[in-house]
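# Tertiary structure, described
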Amino acid sequence: QVQLVESGGGTVQAGGSLRLSCAASGTTFNINVIGWFRQAPGKQRELVAQFDSGGRRNYADSVEGQFTISRDTTKNTVYLQMNSLKTEDTAVYYCSALKTSRDYWGQGTQVTVSP
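In this text, all values refer to a predicted model and were calculated from it rather than measured experimentally.

Attention now goes to the overall build of the chain. Helix and strand counts for the chain come out as zero helices and eleven strands. Listed N to C, the secondary structure of the chain is β-β-β-β-β-β-β-β-β-β-β in terms of helices and strands. Radius of gyration (C-alpha) of the chain: 13 Å, near the 13 Å computed for a compact globule of 115 residues. Across the 115 residues in the chain, those meeting the buried criterion constitute 43%.

Here is the structure:
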């Protein structure tokens, strides 16, 4: 079992920055893929950024160059640095991990970008 807890969401004005954190606990060894998804009102959940099974960073085209995913393996924590935020970045952001073909999700953290 893997537990994921997100933090760092909030309300920020357009152009501002936020850093999200995802703390993983439980049996975290052999997590294959870990990253961030988001879901805006009325839209499907979409991938934002992730570390793939080879440890490479992958980004959605819409956030390339704007968001940065990083991790601290000593803390079992993954981060999402979000810069130059836009109103269209408003969404609930979820941390997700894939381990032995099973998906794990956090509870989500709200990010609201005001004009």
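Glancing now at the sheet that holds strand S1 (residues 2-7). Taken in spatial order, the four strands make up an open sheet running S1-S3-S8-S7, and their pairing is antiparallel. Two strands lie at the open edges of the sheet, namely S1 and strand S7 (67-72), each paired on one side alone. Averaged over all adjacent pairs, the angle separating strand axes in this sheet is 20°, with direction ignored. With six bridges connecting them, S1 and strand S3 (residues 18-26) associate as antiparallel partners. Its bridge partner being in S3, Val 2 is matched across the sheet by Gly 26.

Another aspect to go through is the pattern of salt bridges. Counted according to the given criterion, the structure contains three salt bridges. Here Arg 38 makes a salt bridge to Asp 89, at a shortest N to O gap of 3.0 Å. Of this pair, Arg 38 sits in strand S4 (residues 33-39) while Asp 89 sits in the loop between strand S8 (77-82) and strand S9 (91-99), and the two are 51 residues apart along the sequence. Accessibility expressed as a relative area gives 6% for Arg 38, which makes it buried. Residue Arg 56 is joined to Asp 52 by a salt bridge in which the shortest nitrogen-to-oxygen separation is 3.0 Å. Three or more residues joined by partner-sharing salt bridges are found here, namely Arg 38, Glu 46 and Asp 89.

This structure, assessed with the given rule, holds two aromatic pairs. Plain terms: the ring middles of Phe 37 and Trp 105 are 5.1 Å apart, the flat faces sit at 65° to each other, and that makes the pair edge-to-face. Note that Phe 37 is positioned in strand S4 and Trp 105 in strand S10 (residues 102-105), a separation of 68 residues in sequence. With a centroid separation of 6.4 Å and 85° between ring planes, the pair formed by Tyr 94 and Trp 105 is classed as edge-to-face. With Tyr 94 in strand S9 and Trp 105 in strand S10, this pair connects stretches of sequence that are eleven residues apart. A relative accessible area of 14% places Tyr 94 in the buried class.

Criteria and cut-off values
Residues numbered from 1 in each chain as written. Predicted model: local features only at pLDDT ≥ 70, side-chain atom pairs only at ≥ 80, totals over all residues. Heavy atoms only, no water. Helix = DSSP H or I, 4+ residues; strand = E, 2+ residues; numbered from the N terminus. Rg over C-alpha atoms; globule rule 2.2 N^0.38 Å. Buried < 20%, exposed > 50% of the residue type's maximum accessible area, 1.4 Å probe, protein only. Pairing = 2+ DSSP bridges. Axes fitted to C-alpha atoms, helices over the stretch in contact; angles between N-to-C directions. Salt bridge = Lys/Arg side-chain N within 4 Å of Asp/Glu carboxyl O. Phe/Tyr/Trp six-rings, centres within 6.5 Å; stacked < 30°, edge-to-face > 60°.

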